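One-letter residues, chain by chain:
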Amino acid sequence: MTSSSANTPAKTAQFRIRPRTEADLDACVRVLSTIHEQNAYPLNWPTDPSSWLTPGSLLAVWVAEEEDTREIIGHVVLSRSDVGNAAAALWSDGPTAVVNRLYVDPAARGRGVGAALMTRAVAEAKSRALHPVLDVASTAPAAAALYERLGWTLLAADVEQEWLPGQWVKLRCYAAPTT
């Protein structure tokens, strides 16, 4: 998938979505670190960020990269639904897959990178006869706005989940459009 920017003349470089490779992990962690510093995502910095980006329930993973520089500018994972996944528990119309570990470099936002990554993950889930779902911390309104712009259905707005012992987080749970 190739997209181009209409943001500013300086941001006209195109990007592509492709499967993530092992060689991409260091760059993915660097971008994730920037996002954590600027946007507190993930809420709790993982002890091993590379492992966090490669969960045991992984089905597929992609990156967005600039076509001209090959710089990693985004990331998304599609996972099997785990026990305790709030959004999957709320979806009652068949098997699910969870879209997670989605992020876009702050310097690349506003160019459709997040939407392109979501489109790729949704297509993969549907090719496996799974319905995509996700949850997002209520403290991430920009992410929620993206999902809503893409037509995702809000399943629940204030699901509480314990992420660490004694750390309860309110989540918004979504399901991909059914059409």
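Scroll up to find the structure.
Below is a summary of the structure that appears in this document. (Residues numbered from 1 in each chain as written. Predicted model: local features only at pLDDT ≥ 70, side-chain atom pairs only at ≥ 80, totals over all residues. Heavy atoms only, no water.)

### Regarding the overall build of the protein chain
Right, so step 1: Tallying secondary structure elements over the protein chain gives five helices and eight strands in all.
Right, so step 2: The helix and strand sequence of the protein chain, counted from the amino end, reads β-β-α-α-β-β-α-β-α-β-α-β-β.
Right, so step 3: Taken over the C-alpha trace, the protein chain has a radius of gyration of 16 Å; the compact-globule value for 179 residues is 16 Å, and the two agree within 12%.
Right, so step 4: Based on the C-alpha atoms only, the size of the protein chain along its principal axes is roughly 45 × 40 × 30 Å.
Right, so step 5: When burial is assessed residue by residue, the protein chain has 45% of its 179 residues classed as buried.
Right, so step 6: If you take every contact in the protein chain between residues at least 6 apart in sequence, the share linking residues at least 24 apart comes to 62%.
Right, so step 7: Carbon together with sulfur atoms contributes 52% to the accessible area of the protein chain, which is approximately 9,000 Å² in total.
Right, so step 8: For the protein chain, the distance from the average site of its 16 positive side-chain charges to the average site of its 19 negative ones is 4 Å. (Helix = DSSP H or I, 4+ residues; strand = E, 2+ residues; numbered from the N terminus. Rg over C-alpha atoms; globule rule 2.2 N^0.38 Å. Buried < 20%, exposed > 50% of the residue type's maximum accessible area, 1.4 Å probe, protein only. Contact = heavy atoms within 4.5 Å. Areas by Shrake-Rupley, 256 points an atom, 1.4 Å probe, with all protein chains shown as cover. Lys, Arg positive; Asp, Glu negative; His and termini not counted. Charge placed at Lys NZ, Arg CZ, Asp CG, Glu CD.)

### Observations concerning helix 1 (residues 25-39)
Right, so step 1: End to end, helix 1 covers 20 Å across 15 residues, agreeing with the expected 21 Å (1.5 Å per residue, within 8%).
Right, so step 2: In this fold, the buried residues of helix 1 make contact with helix 2 (49-52), strand 3 (58-66), strand 4 (72-80) and strand 5 (96-104).
Right, so step 3: Looking one or two residues beyond helix 1, the residue adopting positive phi is A40, at roughly 55 degrees. (Expected span 1.5 Å × (residues − 1).)

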